[in-house]
Amino acid sequence: MKIALLGYGKMGQTIERIALGRGHEIVLKKDEFNTYEGLSNADVAIDFSIPAVAVENISSCFYANVPVISGTTGWLDRYDEMEALCNEKKGAFISSSNFSLGVNLFFGLNEYLAKMMSKFDSYTVNMEEIHHTQKLDAPSGTAISLAKGVIENSNYTNWTMETPESNQIHIEAKRIGNVPGTHTVTYNSGIDTIEIKHTAHNRDGFALGAVIAAEWIVGKQGVFTMRDVLELK
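Computed from a predicted structure; not experimentally measured.

Analysis parameters
- Residues numbered from 1 in each chain as written.
- Predicted model: local features only at pLDDT ≥ 70, side-chain atom pairs only at ≥ 80, totals over all residues.
- Heavy atoms only, no water.
- Core = buried A, V, L, I, M, F, W, Y, C linked by side-chain atoms within 4.5 Å.
- Buried < 20%, exposed > 50% of the residue type's maximum accessible area, 1.4 Å probe, protein only.
- Helix = DSSP H or I, 4+ residues; strand = E, 2+ residues; numbered from the N terminus.
- Contact = heavy atoms within 4.5 Å.
- Polar contact = N/O pair within 3.5 Å; in protein donor to acceptor, adjacent residues only side chain to side chain.
- Expected span 1.5 Å × (residues − 1).
- Pairing = 2+ DSSP bridges.
- Right-handed = clockwise from strand over helix to strand, strands pointing away.
- Salt bridge = Lys/Arg side-chain N within 4 Å of Asp/Glu carboxyl O.

Ranked by size, the top nonpolar core spans 25 residues in total, and within it Ile15, Ile46, Ile69, Ile94 and Phe99 carry the most contacts. At the level of elements, β1 (2-6), α1 (10-21), β3 (44-47), β5 (92-95), α6 (204-217) and α7 (226-230) are the ones that each hand at least two residues to this core. When residues of this core are assigned to their parent elements, the largest contribution, seven residues, is made by α6. Apart from the residues within four sequence positions on either side, Phe99 is in contact with Phe48, Ile69, Ser70, Gly71, Ile94, Asn104, Gly205, Phe206, Gly209, Ala210, Ala213 and Met226. Of all hydrophobic cores here, the second largest spans 19 residues; its members include Tyr123, Leu146, Tyr187 and Ile196.

Pasting the structure below:
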């Protein structure tokens, strides 16, 4: 499989190593210093860039008729626009705040726990996410996805990084050293605490999940999620 890498920072380089190890070929390594030349030769593109260029990268793939996997966060206010363009161009697209297989299992666990806890109003939920100091957006896209998972399965209606109201989930974002990503969901009451936590040890899990998604999407048409890739119900 021929892969175009849109974004060639630390994640792009990790994806390259994982992809080559699985027998794939890299036909484009795009950063701020080069063009999209070679994109049309790709079977699939993987975008791990920055919020300012993600929409341009994704759009370019649709116009080039190349399926695209995007792990860039911080641009999702334009997600509906990209979904519409994908459908218009009969493209294929997966955007995820986190491609780690473990994190996507954690998403399912979070939603299941939220359903259980929604019956007990003595507990309040809050979240903490910790990432490396180079991460540009806060809170992380993964934390936002976790908050949405709770909101869709409870009486909470929103999240905030400020002092929360009764219907809001508080998210605390920390930037420390070279931490790849730690996410904790905590339910507190006056008598006990229930906590679930995912800790990434390195970037390999994110990269492997993105490559697996890229392998899965080739030959398909439409907008998908990691639930489709992993066949999670």
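Right, let's talk about the side chain of Thr73 for a bit. Here Thr73 lies in the loop between β4 (68-70) and α3 (79-88). Engagement of the side chain of Thr73 in a polar contact is seen with the side chain of Asp137, the distance being 2.7 Å.

As a further point, take helix α4 (residues 101-117). The terminal C-alpha atoms of α4, which comprises 17 residues, lie 25 Å apart, in line with the 24 Å expected from a rise of 1.5 Å per residue. Among the residues of α4, Val103, Asn104, Phe106, Phe107, Asn110, Leu113, Ala114 and Met117 are the ones counted as buried. For α4, the N-terminal cap is Ser100; the gap from its side-chain oxygen to the backbone nitrogen of Gly102 is 3.2 Å.

Let us look at the pairing of β5. The two faces of β5 match: Ala92 and Ile94 on one face and Phe93 and Ser95 on the other face are all buried. As defined by bridge partners, β4 adjoins β5 across three bridges and the pair is classed as parallel. Note on β5: the bridge partner recorded for Ile69 is Ile94. In this region the chain leaves β4, passes through α3 and returns to the parallel neighbour β5; the handedness of that crossover is right-handed. Relative to strand β11 (residues 222-224), β5 is paired through three bridges, and the arrangement is parallel. In the sheet register, Ile94 faces β11, and the bridge partner there is Phe224.

This part takes up the pattern of salt bridges. Inspection of every chain in the model, using the stated rule, returns eight salt bridges. Across the pair Glu128 and Lys174 runs a salt bridge, and its minimum N-O distance is 3.0 Å. Remark: Lys174 occurs in strand β8 (residues 168-175) and Glu128 occurs in strand β6 (residues 124-131); sequence separation between them is 46 residues. You can call Lys174 partly exposed: its relative accessible area is 29%.

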